[in-house]
Amino acid sequence: MRLRSGLFLLCAAPLLPLAAQSNVLTFHNDVARTGRNRAETTLTPSNVNSNKFGKLFQVTLDGVVDAQPLYVAGASIPNQGTHNVLIVATENDSLYALDADTGAELWNVTLLGSGETASDRGCRVPQMGIMSTPVIWLKSGTTQGAIFAVAMSKDSSGNYRHRLQKVDLATGKPLVAGVEVVAKYPGTGDYSKGGYVFFDPKQYRQRSALLLLNGVVYLGWSSHCDIRPYTGWITAYDASTLASTSVINVTPNGSEGAIWGSGAGLAADSSGYIYFLDANGTFDTTLDTQGFPSSGDFGNAFIKLSATGGKLAVVDYFTMFNTTTESN
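Bear in mind the structure is a predicted one, so any value in this text is a computation, not a measurement. (Residues numbered from 1 in each chain as written. Predicted model: local features only at pLDDT ≥ 70, side-chain atom pairs only at ≥ 80, totals over all residues. Heavy atoms only, no water.)

(A) Summary view of the pairing of strand S23 (residues 302-306). As paired elements, strand S22 (residues 274-277) and S23 share four bridges and run antiparallel to each other. Residue pairing across strands places Tyr 275 opposite Lys 304, the latter belonging to S23. The pairing of S23 with strand S24 (residues 313-318) spans five bridges and is antiparallel. Along S24, the bridge assignment pairs Lys 304 with Asp 316. Here S23 folds back onto S24, and the loop between the two strands holds six residues, one of which, Gly 309, carries a positive phi near 70°. (Pairing = 2+ DSSP bridges. Helix = DSSP H or I, 4+ residues; strand = E, 2+ residues; numbered from the N terminus.)

(B) Quick look at the side chain of Gln 203. Of note, Gln 203 is situated in the loop between strand S14 (196-198) and strand S15 (204-205). Gln 203 sits in the buried class, given a relative accessible area of 6%. Here the side chain of Gln 203 touches Arg 121 through a polar contact of 3.2 Å, side chain to side chain. Among all residues touching Gln 203, those that are not within four sequence positions of it are Arg 121, Ser 222, Ser 223, His 224, Ile 227, Arg 228, Pro 229 and Tyr 230. (Buried < 20%, exposed > 50% of the residue type's maximum accessible area, 1.4 Å probe, protein only. Polar contact = N/O pair within 3.5 Å; in protein donor to acceptor, adjacent residues only side chain to side chain. Contact = heavy atoms within 4.5 Å.)

(C) Spatial organisation of the packing of aromatic side chains. A complete count under the given rule lists eight aromatic pairs for this structure. Between Phe 298 and Tyr 317, the ring centres sit 5.4 Å apart and the planes meet at 75°, which makes this aromatic pair edge-to-face. One end of the pair, Phe 298, is in the loop between S22 and S23; the other, Tyr 317, is in strand S24, and 19 residues separate them in sequence. Ring-pair connections join several aromatic residues into one group, and the members of that group are Phe 199, Tyr 204, Trp 221 and Trp 233. We note Lys 184 situated over the ring of Tyr 196; from NZ or CZ to the ring centre the distance is 4.5 Å. Lying over the aromatic face of Tyr 273, Lys 304 brings its terminal NZ or CZ to 4.2 Å of the ring centre. (Phe/Tyr/Trp six-rings, centres within 6.5 Å; stacked < 30°, edge-to-face > 60°. Lys NZ or Arg CZ within 6 Å of the ring centre and 35° of its normal.)

This is the structure we're talking about:
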């Protein structure tokens, strides 16, 4: 479900125990983004009906919910016992842990720094804080773990920031210090200087859901309202330390080519390859001997990335024969 107000609504089967439900730790259940629940054995046409299926509760939060709520069954919360937990992020840069059966608040935290507010960049979105779906890591065989989320903010001097945060699932307290997104990549495209294109925080939204794959957190970056200058970024971070591990720009010598996914996350397969759709932008119509864009500009393409050796690289792509016309 996609929620567009400060009210959180949960639809579930009131007569069915939520303890039997499977964890939902990432957007659409798995890194392939299938939305599939292989363990579902309870829901049937006989109990999903107007008499037995409906709203359990309504909770007022501090901002709009654009991210998919996540779910952990049977989590231990200090001094509060064991609960089935919903993790909900708001555009006011807050994370909430709610009891999935009653809606009771277990904890809430702000991911804003001192003196900061959620972004007010506008363009049909009055407030931009946590826009993307977080991802949860659980220690094997337990309900102990961490929540990763990206918060956009504005400080008292008018500077915009994006930070990747890692907080404790049980308490919401930081597990390591949040890391501010800073990036550059070889290129001469939009917002470049001295042979590098730079990441300007105010020009971007972190819209697509986070991907946690093989101990690395991947972030895809959309533009802010298609306002240039912007290019196509993916940044990667070590899940233990949040140290930056790799970055790639798929339109480094051109412009546009943002990564939106309509909120969906970068997808991955069992071999560790990453897949995403790149939005309209520069595509080099001159190809190299391997058939790849000669200047590394893949705007308006379906892209396959390798993360071999900790370095992101395009290993395959598809685009339309008239891709430049389509982008224009």
